[in-house]
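Structural features, examined
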Amino acid sequence: MEILRFIVDFLTLYILIYIIYSVFFNKNRKEYKNLKNNDEIKFFIKAYKLDMKKTDYSELLKTLTITNSFIIAISTTIVLYIENYFIKIIACFITLLLLIFVLYNLIGTYYKKKENEKNV
């Protein structure tokens, strides 16, 4: 029963965060020419040396929106089930860093490989 509650909390948070992220944060970032408004995409492109002539900007934006929503939702859901505030802070910090590092690395590698094979 506890696992079901965890899954329901996660899905609720994920959907809510995804909607908020899509509506408020990505509203003005739909086109590549508006990249100056999006620091996370600029960092991602520079960190993984992506060629934006070969990479579809809107697909990358959607992928990062889904990923960021997942990272925030899973971190928040985990923290909801911890009682001690000190442990909450440490768990959230470790979870965020770990998920960002692993998921961004996977996405960066995926897009770089796809870019090398053909146009994305």
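Summary of the structure given here. Residue positions are given per chain, counting from 1 as you read along its sequence in written order. Only residues with pLDDT of at least 70 are given local features in this predicted model, and only at 80 or more are side-chain atom pairs given and counted; all residues enter the totals for whole chains, interfaces and linings. For side-chain calculations, the full set of non-hydrogen atoms in the structure is used, while hydrogens and water are omitted.

**Observations regarding the nonpolar core**
- Residues belong to a common nonpolar core when they are buried Ala, Val, Leu, Ile, Met, Phe, Trp, Tyr or Cys residues joined through side-chain atoms within 4.5 Å. Partly exposed residues are those whose accessible area sits between 20% and 50% of the maximum for their type, while under 20% is buried and over 50% is exposed, using a 1.4 Å probe and protein chains only. In terms of nonpolar packing, the biggest core is built from 20 residues, with Ile41, Phe44, Ile45, Leu50, Met52, Leu60 and Leu64 touching the most fellow members.
- Secondary structure elements follow DSSP: runs of H or I of four or more residues count as helices, runs of E of two or more count as strands, with numbering from the N terminus. At the level of elements, α1 (2-25), α2 (39-47), α3 (57-80) and α4 (85-117) are the ones that each hand at least two residues to this core.
- In terms of residue count, α3 provides more of this core than any other element does, 7 residues in total.

**Looking at the packing of α3 against α4**
- What counts as an axis is a line fitted to C-alpha atoms, over the stretch in contact for a helix, and the angles between N-to-C directions run from 0 to 180 degrees. Closest axis-to-axis distance for the α3/α4 pair is 9 Å, and the angle between their directions is 160°. Of the possible angle classes, the one that applies to α3 and α4 is roughly antiparallel. Considering how the two elements wind past one another, α3 and α4 form a crossing that is right-handed. Contact residues: α3 offers Glu59, Leu60, Thr63, Leu64, Thr67, Asn68, Phe70, Ile71, Ile74, Ser75, Ile78 and Val79, while α4 offers Lys88, Cys92, Thr95, Leu96, Leu99, Ile100, Leu103, Tyr104, Ile107, Tyr111 and Lys114.
- Each residue gets one of three labels, nonpolar for Ala, Val, Leu, Ile, Met, Phe, Trp, Tyr, Cys and Pro, charged for Asp, Glu, Lys and Arg, and polar for the others, Gly among them. Looking at the contact of α3 with α4, its residues break down into 15 nonpolar, 5 polar and 3 charged. Should an angle lie under 35 degrees it is considered roughly parallel, over 145 roughly antiparallel, and from 65 to 115 roughly perpendicular; all remaining angles are considered oblique. Each crossing gets its hand from how the near helix is turned against the far one by less than a right angle, where anticlockwise is left-handed and clockwise is right-handed. When checking whether two residues touch, look at their non-hydrogen atoms; a contact exists if any pair is within 4.5 Å.

**Considerations on the packing of α1 against α3**
- Where α1 meets α3, the closest approach of the two axes is 8 Å, and the angle between their N-to-C directions is 140°. Viewed along their axes, α1 and α3 adopt a mutual orientation that is oblique. In this structure, the crossing between α1 and α3 has a hand that is right-handed. Contact with α1, carried on its side by Phe6, Asp9, Phe10, Leu13, Tyr14, Ile17, Tyr18, Tyr21 and Ser22, involves Thr65, Ile66, Asn68, Ser69, Phe70, Ile72, Ala73, Ile74, Thr76, Thr77, Ile78 and Leu80 of α3 and no other residues of that element.
- A breakdown of the residues in the contact of α1 with α3 according to their chemical character gives 14 nonpolar, 6 polar and 1 charged.

**Comments concerning the packing of aromatic side chains**
- Note on aromatic contacts: the rings of Phe and Tyr and the six-membered ring of Trp form a pair at centre separations within 6.5 Å, being stacked when their planes are under 30 degrees apart, edge-to-face when over 60 apart, and tilted otherwise. All chains considered together, the criterion is met by 7 aromatic pairs.
- With a centroid separation of 4.9 Å and 50° between ring planes, the pair formed by Phe44 and Tyr48 is classed as tilted.
- Taken together through their ring pairs, the aromatic side chains of Phe10, Tyr14, Tyr18 and Phe70 make up a single cluster.

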